[in-house]
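Spelled out from the first residue to the last, the chains are:
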There are 2 protein chains.
Amino acid sequence: MVDRRGDGDEGVTTTSKPPAESPVDVRERARAIPEAAVARLAVYLRVLSGMAEQGVTTISSEELAGAAGVNSAKLRKDLSYIGSYGTRGVGYDVEVLVSHIERILGLTRKHSVAVVGIGNLGHALANYGGFPSRGFPVAALFDIDPDLTGVPVGGIPVDHIDDITTVCAEREVSIGVIATPPQAAQAVCDRLVSAGVQCILNFAPVVLQVPDYVEVRKVDLAVEMQILSFHVARRADEAAGDVVNGVGVDGVVIRP
Amino acid sequence: MVDRRGDGDEGVTTTSKPPAESPVDVRERARAIPEAAVARLAVYLRVLSGMAEQGVTTISSEELAGAAGVNSAKLRKDLSYIGSYGTRGVGYDVEVLVSHIERILGLTRKHSVAVVGIGNLGHALANYGGFPSRGFPVAALFDIDPDLTGVPVGGIPVDHIDDITTVCAEREVSIGVIATPPQAAQAVCDRLVSAGVQCILNFAPVVLQVPDYVEVRKVDLAVEMQILSFHVARRADEAAGDVVNGVGVDGVVIRP
DNA sequence: CCGACTTTGTGCACACGTTCACAAGCGGTA
DNA sequence: TACCGCTTGTGAACGTGTGCACAAAGTCGG
Ligand SMILES: NC(=O)c1ccc[n+]([C@@H]2O[C@H](COP(=O)([O-])OP(=O)(O)OC[C@H]3O[C@@H](n4cnc5c(N)ncnc54)[C@H](O)[C@@H]3O)[C@@H](O)[C@H]2O)c1
Ligand SMILES: NC(=O)c1ccc[n+]([C@@H]2O[C@H](COP(=O)([O-])OP(=O)(O)OC[C@H]3O[C@@H](n4cnc5c(N)ncnc54)[C@H](O)[C@@H]3O)[C@@H](O)[C@H]2O)c1
């Protein structure tokens, strides 16, 4: 029912600093936000933006939780990580919440995106309107294929992978998206890193090796499907086992 | 050892007949595997498959962990959830491990996939070779656009969304992928569910409402980017570090 | 100004997941 | 056979995340 996070292992050397923190500054608080909560904050933000467009000005934790698919206690705890911006007895001001979540997620700055590998997936990403509209303008496209360089895709001309360093610097790219074949992914990753890109979203089904200061997130669709498959199998086993025992889920006797 | 598997294996054949086995068998164990571990098992499987192709027959937890980007203790614990198939002092037999992970993930059965919404993303998915090769044949494509119906994409002709029930039944679709615009996603989801599909992978940035017995996973790229953005911001705050007189970034007063 | 009602924010207990550390077990060697 | 070095498998400690339940804090009608 509720979806779970992909994973989020690797890298992220969160140096645990347990000394007594008396001055509660922003970075300490930011560090304290659980990774899982950050992911949900992004979802709340999307829902809230939709609400704002529909003219909603105030929303309760119960309503927002329903719309975001989480329970309300969790939602309130998540929001408490970023401060106390609600009004008891009333709820949250939508605009206020939006701006605070945006601040915490660092969306007050523009994050230019570069897509590397303009094949099937790269084309889709370059044409996708959902990135620019949410604060992530696609500023550069790269491919190794000479036939592609110069051709505009989604309004942006494709550059050759060899120009990655200069182009990324020029256009202040802060997020790199890897959509090349798996074999090329690590090499592309290395070039992105030497070009100064510190955030990478990887679609290739490989584990990337990066320095500690680089943040990598991966999207592996086959893994997603296998997780679904696992649940199908589990459910099938359950059904089979229950029939054999003559007892259904919840202990309901099927065939007395 | 949590449980003794003295039997000579069996496979997940539908005729599961527990002779004198403990009431809690395979399904109980399957249920006990943490969700996070399932995701990693899928990654191990991919790495192991690659190893097998390269002729590797045996691998230690240390090596496999390195290749999968996790620490070796976690890897061993993950593997212990599915049984004890290693040899102390030696490591794991690659082929054996592959087959056991496949069994646990339910990959011994074929899981036909239907993609709904053959736009930018849908085209990329339909053309993607990574699904069939990993046991997820794309068996059906759907769109609402009459101009698309009948046109083959990636070798499969697009059907009209109205035929979803019959086509899904015919081709035994078990996984539905939603790649339509957000506004259409819930409606498409409902139709998939009534067509009997119990697993859904959703690319549209909306929270889907489904019955309890349906498993949904979502892939939201904007959320991924916002998580990256959060880490950039956190890092920037750390670097810019010094909180001057209780005033942090953006002029937020830290200590009122 | 008060009291009834609503909703937030959070302390706490619990569940889940990760990591450590080491005994148990295996292959190789003398 | 007895020993040795290596690697697995896992109990137990630990850390993180979740959900409950309720006091605190606000609104609103009178
Ligand atoms: N197509 C999908 O729907 C899909 C889904 C999930 C994952 N993926 C993964 O995404 C990646 C791309 O998939 P695709 O279907 O778009 O592949 P594709 O073959 O259509 O495109 C790959 C592109 O990368 C370019 N390229 C190759 N080597 C390069 C290099 N060294 N530097 C820069 N560009 C290079 C190629 O010229 C090509 O244009 C693959 O790793 C694939 O496994 C794709
Ligand atoms: N393109 C990307 O790279 C990308 C990335 C992330 C998320 N997404 C999301 O994926 C979805 C699809 O994106 P896209 O770029 O492919 O959009 P698109 O507009 O190119 O394609 C959407 C397709 O869905 C079809 N469609 C519309 N309503 C339908 C219905 N009721 N039933 C069946 N088909 C219907 C349309 O005919 C069209 O072919 C969107 O929700 C988008 O937010 C896309």
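Anyway, here's the lowdown on the structure attached to this text. All values derive from a computational prediction rather than experimental measurement. (Residues numbered from 1 in each chain as written. Chains lettered and ligands numbered in written order. Predicted model: local features only at pLDDT ≥ 70, side-chain atom pairs only at ≥ 80, totals over all residues. Heavy atoms only, no water.)

1. Some points on the protein's contact with DNA strand C
Just so we agree on the cut-off: Nearness is judged by heavy atoms alone; a residue qualifies as near a molecule or strand once a single heavy atom is within 4 Å of it. Contacts described as polar in this section are N or O atom pairs within 3.5 Å, which, within protein, must combine one atom able to donate a hydrogen with one able to accept it, while residues neighboring in sequence count only if both atoms come from side chains. Only DSSP runs of H or I reaching four residues or more are called helices, and only runs of E reaching two or more are called strands; each is numbered from the N terminus. The nonpolar class holds Ala, Val, Leu, Ile, Met, Phe, Trp, Tyr, Cys and Pro. Asp, Glu, Lys and Arg form the charged class, and all remaining residues, Gly among them, are polar.
DNA strand C sits among 26 residues. The nearest are Ser61(A), Arg76(A), Tyr92(A), Lys74(B) and Arg88(B). Backbone atoms, meaning sugar plus phosphate, form 68% of the atoms of DNA strand C positioned within 4 Å of the protein. Separating a base nitrogen of DNA strand C from a side-chain N or O atom of Lys77(A) is a distance of 3.3 Å. In the environment of DNA strand C, a phosphate oxygen lies 2.7 Å from a nitrogen or oxygen atom belonging to the side chain of Tyr92(A). For the surface near DNA strand C, the secondary-structure elements that each account for two or more residues are helix H4 (72-82), strand S2 (86-87) and strand S3 (91-93) of chain A together with helix H2 (35-53) and helix H4 (72-80) of chain B. Of all the elements, H4(B) adds the most residues to the surface near DNA strand C, at 4 residues. Split into classes, the residues belonging to the surface near DNA strand C amount to 6 nonpolar, 11 polar and 9 charged.

2. Re the interface of chain B and chain A
Just so we agree on the cut-off: By the convention used here, residues are in contact when the closest approach between their heavy atoms is within 4.5 Å. Buried area: the accessible area, evaluated with a 1.4 Å probe, that two parts lose upon being put together, summed over both parts. We define a salt bridge as a contact between a side-chain nitrogen of Lys or Arg and a carboxyl oxygen of Asp or Glu at a distance within 4 Å.
At the interface, 78 residues of chain B touch 80 residues of chain A. Buried area between chain B and chain A, both sides added, is near 7700 Å², and the carbon and sulfur share of it is 64%. One can count 8 salt bridges joining chain B with chain A. Between Asp220(A) and Arg134(B) there is a salt bridge whose closest N-O contact spans 3.5 Å. At the junction of chain B with chain A, the criterion picks out 22 residue pairs in polar contact (both at pLDDT 80 or more). Elements supplying a minimum of two residues to the side of chain B that touches chain A: helix H1 (26-32), H2, helix H3 (61-68), helix H6 (120-127), strand S8 (173-178), strand S9 (199-202), strand S10 (215-218) and helix H9 (221-240) of chain B. At 18 residues, the largest contribution of residues to the side of chain B that touches chain A is made by H9(B). Taken together, the residues of the side of chain B that touches chain A sort by class into 50 nonpolar, 11 polar and 17 charged.

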